[in-house]
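# A closer look at the structure
What follows is each chain in one-letter form.
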Amino acid sequence: MSEDGDSEDNFGPLEPTLKNVLEQESLHWIFVGGKGGVGKTTTSCSLAVQLSKVRDSVLLISTDPAHNLSDAFGQKFSKEATQVHGISNLFAMEIDPTSSIQEMLDQSEQQGGAMGSMMQDLAFAIPGVDEAMGFAEVMKQVKTMEYSVIIFDTAPTGHTLRFLSFPSVLEKALAKISELSGRFGPMFQQMSGMMGLNANQEDMFGKLEGMRAIIQEVNNQFKDPDKTTFICVCISEFLSLYETERMIQELTSYHIDTHNIVVNQLLFPKKDSNCEQCLVRHRMQRKYLDQIYDLYEDFHIVLMPLLTKEIRGTQDITEFSEMLVNPFKAPDEQTNEDVPMPS
C-alpha cells in the first residue's frame, strides 16, 4: 500500500482525513466505492468539491447504473460533462450504458446491415457490457486528458471490481486476437466475402492494435499508485465491513492502490441521551470501528456522522465535505463504557 506524505518512522495512527488525497498532486484517477447504500455518492461528490479547491479542473463520473449525481447536486447531468452549479471548475457526467450501446449499434446498423443487427443481438447478451461502456469513457479521457483529476462514483462492489479488472482482461484478449489475426486473417477475409460483408481486414486489425495501446496505457495508469487510488466507503456494520475487506483484498490483487477508508452514518449520542436505540447502536458501531482500526492500521480512516437532514444541493455537499479534511468532533460524545448493553 502506498503512503504518500506519511513518514515510515511514524508509528502513530494516520491522520483521519483525506488531506493525503488532496495533497497528492500526481493523482489523476480516484475511485470511490463500496457496498450499496453506504453513502458512496455523497462521499464522491464531497471529495470532488474539496478537490476543486486545489486542482485546475475536476470531472466527476458516475458509472453506477442507478445514477445519483443529479439527485445529490439537485441538477440534471447527462453523458456530456456539465458544470456543477456554483463551482466553475467542477464538472459531472452520468454514463448510461444502455443508451451508449444503442447509439453504437445504430451507427453499426447504418454502416453494416446484417452485421449491425447481429451486433445488436450480441451486445445486450454480453456480460459486463455496463463496465465496457464505462471503460470506453475512461479511454476517451485518457486520449484527451482535459481534466487534472477524474473521480468515479462507482456501482456496488462486484460491478466496480469487474470494471477495474476490465483493462487487464481486454488487454490479454486483444493480444490473443492480434496473434490469431496473422494465422487466420486470410480465412476471415474469405468468410467475410461469403457472408456479403465488406470487412477491411487490415483496417479492422489496425484499429484493434490502436485500441490495445490505449488499453495498455489505462492499465499501467490504474496500477500506478502515483496516478490512481481507490477510496473505500463503508458503514460500521458487519456486512459492510466484510465487503470492504473482500474489496481491499481484490484491489490489492489487481495492484490498485488503496489506503483510505471513509466510515459513514456514525452515531454520536450525548452523555445525557435517553434514546436506548441510539445508545445500543452506537455501542455496536464502536465494536466494528475497533475492528476497522485493528485491520487497517496503515489506512487513513475518516469518520463521518449521521446527520439529521438529507444532504442535497451544492451548499449542503460543500458543508459536509469539510469533514473529509477537518475531522468531525462530537460536542459531547458518549463513551463505550457508558452505553448500556441490551438486556
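Quick caveat, the model's predicted, so the values are computed rather than measured.

So, on to the nonpolar core. Core analysis: the largest hydrophobic core is formed by 36 residues, its most contacted members being Ile-30, Leu-47 and Phe-73. Sequence-distant contacts of Phe-73, that is, excluding residues within four places in its chain, are made with Cys-45, Val-49, Leu-60, Val-84, Leu-90, Gly-313, Thr-314 and Ile-317.

On to helix H11 (residues 314–325), then. Between its first and last C-alpha, H11 extends 17 Å over 12 residues, near the 16 Å set by a 1.5 Å rise per residue. Among all positions of H11, only Thr-314, Asp-316, Ile-317, Phe-320, Ser-321, Met-323, Leu-324 and Val-325 are buried. Where the residues of H11 are buried, they touch helix H1 (19–23), helix H2 (40–52), helix H3 (69–73), strand E7 (260–266) and strand E8 (300–305).

A word on the pairing of strand E1 (residues 29–33). The side chains of a regular strand alternate between both faces of the sheet. By the criterion of burial, E1 is predominantly enclosed, with five of the five residues buried. Side-chain alternation along E1 places Trp-29, Phe-31 and Gly-33 on one buried face and Ile-30 and Val-32 on a second face that is also buried. In terms of strand pairing, E1 meets strand E5 (residues 149–153) through four bridges, oriented parallel. Bridged to Val-32 within E5 is Asp-153. Judged from the five bridges that link them, E1 and strand E6 (residues 228–235) form a sheet pairing that is parallel. Paired with Gly-33 across the two strands is Cys-232, which belongs to E6.

Now for the UniProt feature "binding site: ATP" (unreviewed entry) in the chain. In the numbering used here, UniProt assigns the feature "binding site: ATP" (unreviewed entry) to Lys-35, Gly-36, Gly-37, Val-38, Gly-39, Lys-40, Thr-41, Thr-42, Glu-237 and Asn-264. One can find Val-38 in the loop between E1 and H2. The class of Val-38 is buried, set by a relative accessible area of 1%. If sequence neighbours within four positions are ignored, Val-38 has contacts with Val-233, Cys-234, Ile-235, Ser-240, Asn-264 and Gln-265. Along the chain, the position of Glu-237 falls in the loop between E6 and helix H9 (238–253).

With 16 residues, H9 should reach 22 Å at 1.5 Å per residue; the first-to-last C-alpha distance of 23 Å fits that figure. If you check which residues of H9 are buried, you get Ser-240, Leu-241, Glu-243, Thr-244, Met-247, Ile-248 and Leu-251. Buried residues of H9 fall within an arc of 160° about the axis and therefore sit on the same side. Exposed side of H9, more than 90 degrees from the buried face: Leu-239, Tyr-242 and Gln-249 are the residues found there. Phi turns positive one or two residues past the end of H9, at His-255, with a value near 65°.

Take unusual backbone geometry next. Residue His-255 is not a glycine yet carries a positive backbone phi of 65°. Looking at where His-255 falls in the secondary structure, it is placed in the loop between H9 and E7. Residues other than glycine seldom take positive phi values, yet Gln-265 does so here, at roughly 60°. Looking at where Gln-265 falls in the secondary structure, it is placed in strand E7.

Right, let's get into the UniProt feature "binding site: Zn(2+)" (unreviewed entry) in the chain. In the numbering used here, UniProt assigns the "binding site: Zn(2+)" (unreviewed entry) feature to Cys-275 and Cys-278. Counting through the fold element by element, Cys-275 comes out in the loop between E7 and helix H10 (276–295). Inspection of the secondary structure puts Cys-278 in helix H10. In contact with Cys-278, other than residues within four places in its own chain, are Leu-267 and Pro-269.

Scanning the entire structure with this criterion turns up 10 aromatic pairs. Each ring, one from Trp-29 and one from Phe-222, has its centre 5.9 Å from the other, and the planes form 80°; the classification is edge-to-face. With a gap of 193 residues between them, Trp-29 in strand E1 and Phe-222 in helix H8 (residues 201–222) connect regions that are remote in the sequence. Across the pair, Phe-222 and Trp-29 agree in class, each one buried. Seen in terms of ring centroids, Phe-31 and Phe-222 are 5.2 Å apart; in terms of plane orientation they differ by 90°. Their pairing is edge-to-face. Note that Phe-31 is positioned in strand E1 and Phe-222 in helix H8, a separation of 191 residues in sequence. Neither Phe-31 nor Phe-222 differs from the other in exposure class; each is buried. Within the aromatic cluster, the residues linked to one another by ring pairs are Trp-29, Phe-31, Phe-152, Phe-222 and Phe-230.

So, how was this worked out
- Residues numbered from 1 in each chain as written.
- Predicted model: local features only at pLDDT ≥ 70, side-chain atom pairs only at ≥ 80, totals over all residues.
- Heavy atoms only, no water.
- Core = buried A, V, L, I, M, F, W, Y, C linked by side-chain atoms within 4.5 Å.
- Buried < 20%, exposed > 50% of the residue type's maximum accessible area, 1.4 Å probe, protein only.
- Contact = heavy atoms within 4.5 Å.
- Helix = DSSP H or I, 4+ residues; strand = E, 2+ residues; numbered from the N terminus.
- Expected span 1.5 Å × (residues − 1).
- Pairing = 2+ DSSP bridges.
- UniProt positions renumbered as here; feature names shortened; annotations may be inferred.
- Arc of directions from axis to C-beta.
- Phe/Tyr/Trp six-rings, centres within 6.5 Å; stacked < 30°, edge-to-face > 60°.

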